[in-house]
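# Close look at the chain arrangement
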Amino acid sequence: MTKYAKCIKSSSNDTIKDQTHRMQETFPKKRALFKKTRKSLIPSVALPNEEEICSTKTWLGKWSLKKLKLDLPTVVFGPGSIHRKERVESLHKKVSAKYCDIFPSVEMQGMVKHLQIQPKDLDDYIEQMERVLRCYVRRLQWLLSGSRRFFGVILEANICILIDTSGSMGHSLSLLAKELTSLIWDQLRKKATK
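Going along each chain's sequence as written, the residues are numbered from 1 onward. Restriction of local features to residues with pLDDT of at least 70 applies here, the model being predicted, together with a cutoff of 80 or more for giving and counting side-chain atom pairs; totals for whole chains, interfaces and linings are based on all residues. Excluding hydrogens and water, the side-chain values take into account all heavy atoms of the structure.

### Regarding the nonpolar core
Selection criterion: In plain words, nonpolar cores are sets of buried Ala, Val, Leu, Ile, Met, Phe, Trp, Tyr and Cys residues tied together by side-chain atoms within 4.5 Å. For every residue, the accessible area obtained with a 1.4 Å probe (protein chains only) is divided by the maximum for its type, and the residue is called buried under 20%, exposed over 50%, and partly exposed between those limits. Numbering of helices and strands runs from the N terminus, with a helix taken as a DSSP run of H or I at least four residues long and a strand as a DSSP run of E at least two residues long. Contacts are assigned to residue pairs that have any heavy atoms within 4.5 Å of one another.
Membership of the largest hydrophobic core comes to 13 residues, with the highest contact counts inside it found for Leu 47, Leu 68, Leu 70 and Tyr 125. A total of four residues in this core trace back to one element, the largest contributor, which is helix α6 (residues 119-143). When near neighbours in sequence (up to four residues on either side) are disregarded, Leu 47 contacts Trp 63, Leu 68, Arg 131, Val 132 and Cys 135.

### As for unusual backbone geometry
Phi angles above zero are rare outside glycine, and Lys 69 is one such case at about 60 degrees. Relative to the helices and strands, Lys 69 is located in the loop between α4 (56-63) and α5 (72-76). Given the relative accessible area of 55%, Lys 69 is considered exposed.

### Quick word on the pairing of strand β3 (residues 105-108)
Selection criterion: Pairing between two strands is assigned when DSSP locates at least 2 bridges connecting them.
Sheet topology places β3 next to strand β4 (residues 111-114); four bridges connect them, and they run antiparallel. Each bridged residue has a counterpart across the sheet, and for Ser 105 the counterpart in β4 is His 114. Adjacent in sequence and paired antiparallel, β3 and β4 are bridged by two residues, among which Gln 109 carries a positive phi angle near 50 degrees.

### Remarks on the packing of aromatic side chains
So the rule is basically this: Aromatic contacts are taken between Phe, Tyr and Trp rings whose centres are within 6.5 Å, Trp giving its six-membered ring; a plane angle under 30 degrees counts as stacked, one over 60 as edge-to-face, and the others as tilted. Lysine and arginine charges are scored as sitting over a ring when NZ or CZ, respectively, is within 6 Å of the ring centre and within 35 degrees of the ring normal.
A full pass over the atoms with the stated rule returns one aromatic pair. Seen from their ring centres, Trp 59 and Tyr 136 are 5.6 Å apart, and the 65 degrees between their planes marks the pair as edge-to-face. Remark: Tyr 136 occurs in helix α6 and Trp 59 occurs in helix α4; sequence separation between them is 77 residues. Given the relative accessible area of 3%, Trp 59 is considered buried. The ring of Trp 142 is capped by Arg 148, whose NZ or CZ atom sits 4.2 Å from the centre of that ring.

### Some words on a nonpolar patch on the surface
Test applied: Patches in this entry comprise residues that are over 30% relatively accessible and not in a salt bridge; like charges within 9 Å are linked, as are nonpolar side chains (Val, Leu, Ile, Met, Phe, Trp, Tyr) within 5 Å. Reported accessibility uses the Shrake-Rupley method at a 1.4 Å probe radius. Residues are deemed covered only where the shown protein chains occlude them. Whenever Lys or Arg places a side-chain nitrogen within 4 Å of a carboxyl oxygen from Asp or Glu, that contact is recorded as a salt bridge.
Nonpolar side chains collect at one region of the surface, where Ile 159, Ile 161 and Ile 163 lie side by side and expose about 220 Å² of accessible area between them. As for its placement among the helices and strands, Ile 159 is situated in the loop between α7 (148-151) and α8 (173-193). Judged by relative accessible area, which is 34%, Ile 159 ranks as partly exposed.

### Topic: the confidence of the model for the chain
Heads up, the condition is: Each residue carries a pLDDT score, the predictor's own confidence in it, on a scale running from 0 to 100.
When the pLDDT values of the chain are averaged, the result is 77; 69% of them are 70 or greater. In the predicted structure, residues 3-12 sits below a pLDDT of 50 and forms twelve contacts with residues beyond four places in sequence or in another chain. Contacts for the low-pLDDT stretch residues 30-35, under 50 throughout, to residues beyond four places or in other chains number zero contacts.

Below is the structure:
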């Protein structure tokens, strides 16, 4: 006898509540199978927590909007967003779809494209862009702090610094000495200990 038959063959004095409870035990709910999941068009971005010592070109190669797939054309224009004119043989010319004019469209790089983005996706995009912008601001503050403001990020293990001590530089030597000390402590000391 199957589980279903056992469940149905209950005594007649069972209440509907008891029968329902027995059915739920016999056949557990499988909501996960029938749950509609909507994949967001906006990718979730994993950004660095600490600044890494690399050139700006390398850093942007890893964390640019295009690399993170957050550039606006990728997000706003879906795969079916290209405005097409189909050739109608009976008219012997290309004709747009009947309702194309009611959808918002933009001309980009010589092509007319329809805007396709849902409000939820737009909210996700704004949230991800705020996170990316905070990361960019943090990187800029890091680049403009300490010795990196004067000397940039020192990537090389061995460096040589030439100092002009002629008379025209006399008034700037004290500032230069301070920044050189900062360079040694901020960047070069860490490279020497590795």
